[in-house]
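Results of the structural survey
Residue-level listing of the chains:
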Amino acid sequence: LEPDGTVRWERSYADKVDGAVDLVTLGEQPYLISNDMDGSVSTVSIFQIDLESANLTRIFAGGTRSSGQHTSTTFAAGDNLLLIDIGGGSLAALDVQQATEAILSSLDGP
């Protein structure tokens, strides 16, 4: 949305992500979180959403095995940190600025 409440762009990411999705923001930067559960395996992917183009860049993918069906939860903590509770079994802290820089530099090549 634009600051005045009008729609900037509208997209569907259903063909790009698996499982349930959430939206988390750090400052003004939105992140799409997907949580896919298959039996005892829980997989989480975090995508940075480009505000101008609406393109997604995956900055994190991880998962865990657990004995029960546990959803994953992601919390914003500070300006650049996401705390990810993956399937009730593992906790990860992701510095989104460092993750994004590492991903983008790997796309540029050596």
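Our structure is the block above this text.
The next thing to look at is the overall build of the chain. Broken down by element type, the chain carries 1 helix and 7 strands. Per-residue burial for the chain yields a buried fraction of 30% across its 110 residues. For the chain, the share of sequence-separated contacts (at least 6 apart) that also reach a separation of at least 24 residues comes to 35%. Per element, the accessible surface of the chain, about 6,900 Å² overall, is 48% carbon and sulfur.

Alternating residues of strand β6 (residues 81-86) divide into Leu82, Ile84 and Ile86, all buried, and Leu81, Leu83 and Asp85, none buried. Sheet topology places strand β5 (residues 73-77) next to β6; 5 bridges connect them, and they run antiparallel. Looking across to β6, one finds that phenylalanine 75 is bridged to leucine 83. Hairpin connection of β5 to β6: 3 residues between the antiparallel strands, including glycine 78 at a positive phi of 85 degrees. Both β6 and strand β7 (residues 90-95) contribute to a ladder of 6 bridges, which runs antiparallel. Note on β7: the bridge partner recorded for isoleucine 86 is serine 90.

What follows concerns the sheet that holds strand β4 (residues 56-65). Through backbone hydrogen bonds, the strands of a sheet pair up, either in parallel or in antiparallel fashion. With antiparallel pairing, the 4 strands of this open sheet are ordered in space as β1-β2-β3-β4. Of all the strands in the sheet, just β1 (20-26) and β4 have a single pairing partner and so form its edges. Across the sheet, the mean angle separating the axes of adjacent strands is 20 degrees when strand polarity is ignored. By the bridge criterion, 7 bridges tie β1 to strand β2 (residues 29-38) in an arrangement that is antiparallel. Each bridged residue has a counterpart across the sheet, and for threonine 25 the counterpart in β2 is proline 30.

Our next topic: the nonpolar core. With 14 residues, the main nonpolar core has Tyr31, Ile46, Ile59, Ile84, Leu94 and Val96 as its most contacted residues. With 3 residues, the single largest contributor to this core is β6. Leaving out residues up to four positions away in the same chain, isoleucine 84 has contacts with Val44, Ile46, Phe60, Thr73, Thr74, Ser90, Leu91, Ala92 and Leu94. One finds Tyr13, Leu32, Ile49 and Ala54 within the second-largest nonpolar core, a separate group that totals 6 residues.

With that out of the way, let us pick up the side chain of threonine 74. Position of threonine 74 relative to the elements: it lies in strand β5. With residues up to four places along the chain from it excluded, the contact list for threonine 74 reads Val24, Ile33, Leu82, Leu83 and Ile84.

A few words on the sheet that holds β7. Ordered by their spatial adjacency, 3 strands build an open sheet running β5-β6-β7, and the pairing between neighbours is antiparallel. Both outer strands of the open sheet, β5 and β7, are each paired with one neighbouring strand and no more. Direction aside, neighbouring strands of the sheet carry axes that sit 20 degrees apart on average.

Conventions and cut-offs
- Residues numbered from 1 in each chain as written.
- Predicted model: local features only at pLDDT ≥ 70, side-chain atom pairs only at ≥ 80, totals over all residues.
- Heavy atoms only, no water.
- Helix = DSSP H or I, 4+ residues; strand = E, 2+ residues; numbered from the N terminus.
- Buried < 20%, exposed > 50% of the residue type's maximum accessible area, 1.4 Å probe, protein only.
- Contact = heavy atoms within 4.5 Å.
- Areas by Shrake-Rupley, 256 points an atom, 1.4 Å probe, with all protein chains shown as cover.
- Pairing = 2+ DSSP bridges.
- Axes fitted to C-alpha atoms, helices over the stretch in contact; angles between N-to-C directions.
- Core = buried A, V, L, I, M, F, W, Y, C linked by side-chain atoms within 4.5 Å.

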